[in-house]
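# Chains, contacts and geometry: an overview
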Amino acid sequence: MKGVRGMLVIFTSMAKNNYKVLGVMSGTSLDGIDLAECFFVLSEEGIWNYRMGVAETIPYDEIWESRLREAVHFSKGRLATLDKEYTEYLGGIIRGFVDKNQITRLDAVCSHGHTILHQPEKGVTLQIGNLPEIAKWAGQKVVCDFRVQDVALGGQGAPLVPMGDRLLFGDYDYCLNLGGFGNCSFEKGEERMAYDICPVNIVLNRYAQQMGCPYDDRGALASEGVVQEDVLHQLNALEFYKQSAPKSLGLEWVQKRVFPILTASGSTPKDILATFTEHVAIQLESQFREGTSVLVTGGGAYNDFLLERIRFHKDVNMVVPEAQLLEFKEALVFGLLGVLKLRDKINCLASVTGASRDHSSGVVFMD
């Protein structure tokens, strides 16, 4: 059992202290569905320890990827249909994974679903795949729909991972996730702070795909491009970067604010990759203090050129963990968030999301 000492949190609940769950995550970069068998033990000292068993990413086929990419433009009726169909699809993926790997005696499946709409300033967030039928299709108790309650309480509904960062990875000064968007979390005084920083793979993947690649492997394409200084200036001047936390991003913002700048530039895909990678590096490094440690996870942690550019701008220790944690940390954390929900313990922090109070978010559906 791997134990990572974070902030000491002592629970007095009479609930059991050993859990076996399946963490499930689908990110905005549309790489696929991450599934991870997770084991959690709460020590007598109130420290959560974890280990992961079997884990796998199930990629989306072209049809599902296209539907999920375009769903932000769907009508209310089409979204309702998509939600039902995705719930059945996701439940089938979960059941297939459990059966294939002969996973037994799960306490729950803890699933994020897939974000389609995220407009917290309007009180709107939609993660499809969280309908009650998910438990039937998965054949398991399911804890899901973690964001809606926070938005109803006036919060951003994101990011949610910082609670897991606090409890599992508190040895690091910062926890940085590089997925569709980049976000970080850290302790500030007695509070955990976290927020979205900027788009990452949701943009980089798009332009790599225009060059016939699913993504920019290790940042090789960007490293060969030329940074367009005027475009870089426009990106860095976007109003979002001047806002104070709590704050979060969604695909809608990228389509409205970022893609028009890149399209209007008339630059080649390779130069856009170089320019946007530099933009990401500048936005990320500005969050960190010199000489601190940063745990880097998510698909973007494989982007050597991006990490090199961050280090160029700021002297920080970028710690890239072993592949399983790098790729499945979010699935692991949603597993823990589900466990906390089962225990009726806080899993969503007002200091992070801006909600009116800390709370235990998510819903539980029985098979």
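What this report covers is the structure whose coordinates are included nearby. (Residues numbered from 1 in each chain as written. Predicted model: local features only at pLDDT ≥ 70, side-chain atom pairs only at ≥ 80, totals over all residues. Heavy atoms only, no water.)

### Here we look at unusual backbone geometry
Note the threshold: Segments assigned H or I by DSSP are reported as helices when at least four residues long, segments assigned E as strands when at least two residues long, and all are numbered from the N terminus.
P159 follows A158 through a cis peptide bond whose omega is -15 degrees. Along the chain, P159 falls in the loop between α4 (148–152) and α5 (162–168). Between A245 and the following residue, P246, the backbone shows a cis peptide bond with an omega angle of 5 degrees. Within the fold, P246 resides in the loop between α8 (229–236) and α9 (251–265).

### Looking at the pairing of strand β2 (residues 18–26)
What counts here: Think of it in three bands: with a 1.4 Å probe and only protein chains considered, a residue is buried below 20% of the maximum accessible area for its type, exposed above 50%, and partly exposed in between. Should DSSP find at least two bridges between two strands, the strands are taken to pair.
With 8 of its 9 residues buried, β2 lies for the most part within the structure. The pairing of β2 with strand β3 (residues 33–42) spans 9 bridges and is classified as antiparallel. Each bridged residue has a counterpart across the sheet, and for V21 the counterpart in β3 is C38. Turn length for the β2-β3 hairpin, with the two strands adjacent in sequence and antiparallel, is 6 residues, and the turn residue L30 shows positive phi of about 60 degrees.

### So, the layout of surface pockets
The line we're drawing: As defined here, a cavity is a set of points on a 1 Å grid over the protein atoms alone where a 1.4 Å probe fits but cannot get out. A pocket is an open set with protein on both sides within 12 Å along at least five of seven lines, and residues line them when an atom is within 4 Å of a point. Grid points are joined across faces, edges and corners, and a volume is the space filled by probe spheres set on the points.
Of the pockets and cavities examined, the second largest pocket occupies roughly 430 Å³. Every residue lining the second largest pocket is counted, 18 residues in all, and those nearest its centre are H118, E121, S248, L249 and W253. Of all the secondary structure elements, the ones that give two or more residues to the lining of the second largest pocket are β6 (114–119) and α9. Considering each element in turn, the lining of the second largest pocket owes the most residues, 4 residues, to α9.

### Points about the packing of aromatic side chains
Remark: the centre distance and the inter-plane angle together describe each pair of aromatic rings, the angle taken between the planes. Short version of the rule: When the centres of two rings from Phe, Tyr and Trp lie within 6.5 Å, Trp using its six-membered ring, the rings pair. Their planes under 30 degrees apart give stacked, over 60 give edge-to-face, and anything left gives tilted. Counted as over-ring charges are cases with an Arg CZ or a Lys NZ within 6 Å of the ring centre that also lie within 35 degrees of the ring normal.
Per the stated rule, a full pass over the model turns up 16 aromatic pairs. Arranged with centres 6.4 Å apart and planes meeting at 90 degrees, the rings of F40 and W48 form a pair that is edge-to-face. Considered together, F40 and W48 belong to a single accessibility category, that of buried residues. Look at W64 and Y89: their rings are 4.7 Å apart centre to centre, the planes differ by 25 degrees, and that puts the pair in the stacked class. Residue W64 is found in helix α1 (residues 62–70), and its partner Y89 is found in helix α2 (residues 76–100); the two are separated by 25 residues along the sequence. Residues W64 and Y89 agree in their burial class; the two are buried. Aromatic ring contacts, followed pair by pair, group Y60, W64, Y86 and Y89 into a single cluster. Note that R309 overlies the ring of F312, its terminal NZ or CZ placed 4.3 Å from the centroid.

So yeah, pure geometry; function would need other evidence.
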